[in-house]
Amino acid sequence: MVGAAAAGGMIALAGCKPRLSNVFTSADTHVSDYPTVQAVERFGQLLSERTNGRLGLKVFAGGQLGNERDTLEVTAFGGLDFNRVNLAPLNSIEPTTRVPSLPFLFESTEHMRTSLDSEIGDEILATLERHGLIGLCFYDSGARSFYNTRGPINTPEDMRGLKLRVPGSDLYVAMVKALGADAVPMPLDEVYQSLSQGVIDGAENNWPSFENGRHYEVATYYSLTRHLLAPEAFVMSKVSWDKLSAEDQAVVRQSAKDTVPYMRTLWDAQVEKSMKVIADAGVEVNEVDPAPFTALMTDMWADFIDTPEQQALVDRIMAMRGGNS
Ligand code: GTR
């Protein structure tokens with residue numbers, strides 16, 4: 001693995017002064033101009049500037065190193081230094097990550113941003129350390145809604161019997177089942193073909209992923225349920241982290257945090273761009289009354305919130321609704 005080679009290089013060079021440049025590796029399922037990739041590229045520039053070129057980063061975009069679940073495992077073992085993933089593959093690994101993944105928990109992007117910018121976000125990120133990962137920051141991921149090849153979804157009844165792709169997370173499976181549809185867990189890179197071949201009828205995602213994966217070419221109905229405002233996470237391998245000096249660890253942490261406002265600007269612009277591409281392609285987009293979806297999807301929270309630690313986080317996030325902090 002490239003990451004392992006870079007890490008091996010670090011060990012060999014650890015005793016030399018001054019240290020030569022170490023190029024870390026990072027994985028992303030998205031293409032190189034996607035906001036998450038751009039933000040991690042920016043992180044790499046900051047890292048290099050702030051260490052006078054001692055540390056650098058190469059981002060492997062477009063899922064070239066594998067799907068999120070697999071690359072996450074490799075990251076935890078130190079074969080990759082960094083990774084940018086959705087929270088879904090972390091749901092089965094760390095229970096606290098299920099909290100920001102709960103449908104209809106955040107009432108707006110603002111609520112999501114304020115909650116995760118507060119100490120709540122840092123506390124959730126810190127829980128990843130027990131799994132070999134250093135949680136560095138959260139990135140925006142907009143709102144996920146359903147799209148499909150059959151027709152507009154207005155009520156949960158319209159979802160009965162639809163085969164809908166979800167990321168590999170029990171929470172997502174339960175969410176779709178609660179609405180009466182069939183959940184098909186599948187990596188993102190298989191969705192386009194599965195839609196084209198009728199293996200699935202639809203999926204759910206935000207505007208940029210719906211557009212970037214070209215899913216809108218096949219699934220021409222996008223129904224704005226906005227059921228999930230779960231963020232993305234940028235993580236580092238604890239194996240690689242432990243090899244850094246305390247000063248370099250602080251640079252890594254700060255540089256990651258410093259990319260968050262940049263990512264949000266890119267994100268908001270990308271959403272606008274994707275909405276236009278999708279509208280121009282003639283996709284039928286419909287607004288949805290969230291009430292019946294909210295009722296069914298919040299009923300299942302109890303199945304995924306079973307520790308006092310998770311419940312306390314849910315309560316604190318709920319208390320921040322309506323602009324309270
Ligand atoms: C996207 C997210 C990806 C990936 C994808 C999915 O919104 O940015 O990291 O998790 O969803 O549905 O697999």
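Now for a description of the structure that goes with this document.

Conventions used here
- Numbers given to residues run from 1 along each chain, matching the order in which its sequence is written.
- In keeping with the model being predicted, local features are shown solely for residues with a pLDDT of at least 70 and side-chain atom pairs are shown and tallied solely at 80 or more, while totals for entire chains, interfaces and linings include all residues.
- The basis for every side-chain value is the complete set of non-hydrogen atoms in the structure, without hydrogens or water.
- Counting from the N terminus, the helices are the DSSP runs of H or I reaching at least four residues and the strands are the DSSP runs of E reaching at least two.
- Both definitions apply: the radius of gyration is a C-alpha atom measure, and the globule rule equals 2.2 Å times residues to the power 0.38.
- Any residue under 20% of the maximum accessible area for its type is buried, any over 50% is exposed, and the rest in between are partly exposed; the area is computed with a 1.4 Å probe on protein chains only.
- To measure how exposed things are, a 1.4 Å probe is used in the Shrake-Rupley method; for residues, cover is taken only from the protein chains shown.
- Residues scored as positive are Lys and Arg, those scored as negative are Asp and Glu, and His as well as the terminal groups of each chain are ignored.
- By convention, the charge on Lys lies at NZ, on Arg at CZ, on Asp at CG and on Glu at CD.
- The pairing test for Phe, Tyr and Trp rings, Trp by its six-membered ring, is centres within 6.5 Å, and the orientation test on the planes gives stacked under 30 degrees, edge-to-face over 60, and tilted for anything in between.
- By convention in this text, a residue qualifies as near a molecule or strand provided that one of its non-hydrogen atoms is within 4 Å of it.
- Residues adjacent in sequence count toward polar contacts only when both atoms are side-chain atoms; beyond that, a polar contact is any pair of N or O atoms within 3.5 Å, and within protein one must be able to donate a hydrogen and the other to accept it.
- All residues other than Ala, Val, Leu, Ile, Met, Phe, Trp, Tyr, Cys, Pro, Asp, Glu, Lys and Arg, Gly among them, are scored as polar; the first ten of these are nonpolar and the last four charged.
- Residue ranges labeled as domains rest on an automatic or database domain assignment.
- Nonpolar cores are built from buried Ala, Val, Leu, Ile, Met, Phe, Trp, Tyr and Cys residues. Side-chain atoms within 4.5 Å join them into one set.

### Some words on the overall build of the chain
Then, number 1: Counting its secondary structure elements, the chain contains 14 helices and 11 strands.
Then, number 2: A compact globule built from 325 residues would reach a C-alpha radius of gyration of about 20 Å, and the chain, at 20 Å, matches this within 12%.
Then, number 3: Projected onto its principal axes, the C-alpha coordinates of the chain cover approximately 65 × 40 × 30 Å.
Then, number 4: Expressed as a percentage of its 325 residues, the buried residues of the chain come to 53%.
Then, number 5: Only carbon and sulfur atoms are counted for the fraction: they give 52% of the accessible area of the chain, which is about 13,300 Å².
Then, number 6: Counting 28 positive and 43 negative side-chain charges, the chain places the averaged centre of each group 5 Å from the other.

### A short note on unusual backbone geometry
Then, number 1: Unusually for a residue other than glycine, Phe104 sits at a positive phi of about 60 degrees.
Then, number 2: On the secondary structure map, Phe104 appears in the loop between strand 3 (82–86) and helix 4 (109–117).
Then, number 3: Even without being a glycine, Arg226 presents a positive backbone phi close to 45 degrees.

### Regarding the packing of aromatic side chains
Then, number 1: Under the criterion given, the structure shown has 11 aromatic pairs.
Then, number 2: Aromatic side chains Phe43 and Phe234 sit 5.0 Å apart centroid to centroid with 75 degrees between the ring planes, which places their arrangement in the edge-to-face category. Taken as a pair, Phe43 in helix 2 (residues 35–50) and Phe234 in strand 10 (residues 232–237) lie far apart in primary sequence, 191 residues in all. Like Phe43, the residue Phe234 is buried in the burial classification.
Then, number 3: Measuring from centroid to centroid gives 6.3 Å for Phe210 and Tyr216, while their planes differ by 80 degrees, and the two rings are edge-to-face. Taken as a pair, Phe210 and Tyr216 share a single burial class, namely buried.

### What about the site of the ligand?
Then, number 1: Taken together, 14 residues form the shell around the ligand, and within it His30, Glu68, Arg165, Asn205 and Glu232 come nearest.
Then, number 2: Arg165 is positioned such that a nitrogen or oxygen atom in its side chain is 2.7 Å from an oxygen atom of the ligand.
Then, number 3: Side-chain polar atom of Ser209 to an oxygen atom of the ligand: 3.2 Å apart, as the coordinates give it.
Then, number 4: Look at the ligand: alone it shows 320 Å² of surface, and the protein chains cover 97% of it.
Then, number 5: Its residues assigned to classes, the shell around the ligand comprises 2 nonpolar, 7 polar and 5 charged.
Then, number 6: For the shell around the ligand, the domains that each give at least three residues are domain 1 (2–94 + 108–140 + 231–269) and domain 2 (144–229 + 271–323).

### Remarks on the nonpolar core
Then, number 1: The biggest cluster of nonpolar side chains holds 47 residues, and the ones touching the most others in it are Leu90, Leu105, Phe146, Met159 and Phe293.
Then, number 2: Residue assignment places this core across two domains, with domain 1 (2–94 + 108–140 + 231–269) and domain 2 (144–229 + 271–323) each supplying three or more.
Then, number 3: With 41 residues, the next largest nonpolar core counts Val40, Leu57, Ala61 and Ala256 among its residues.

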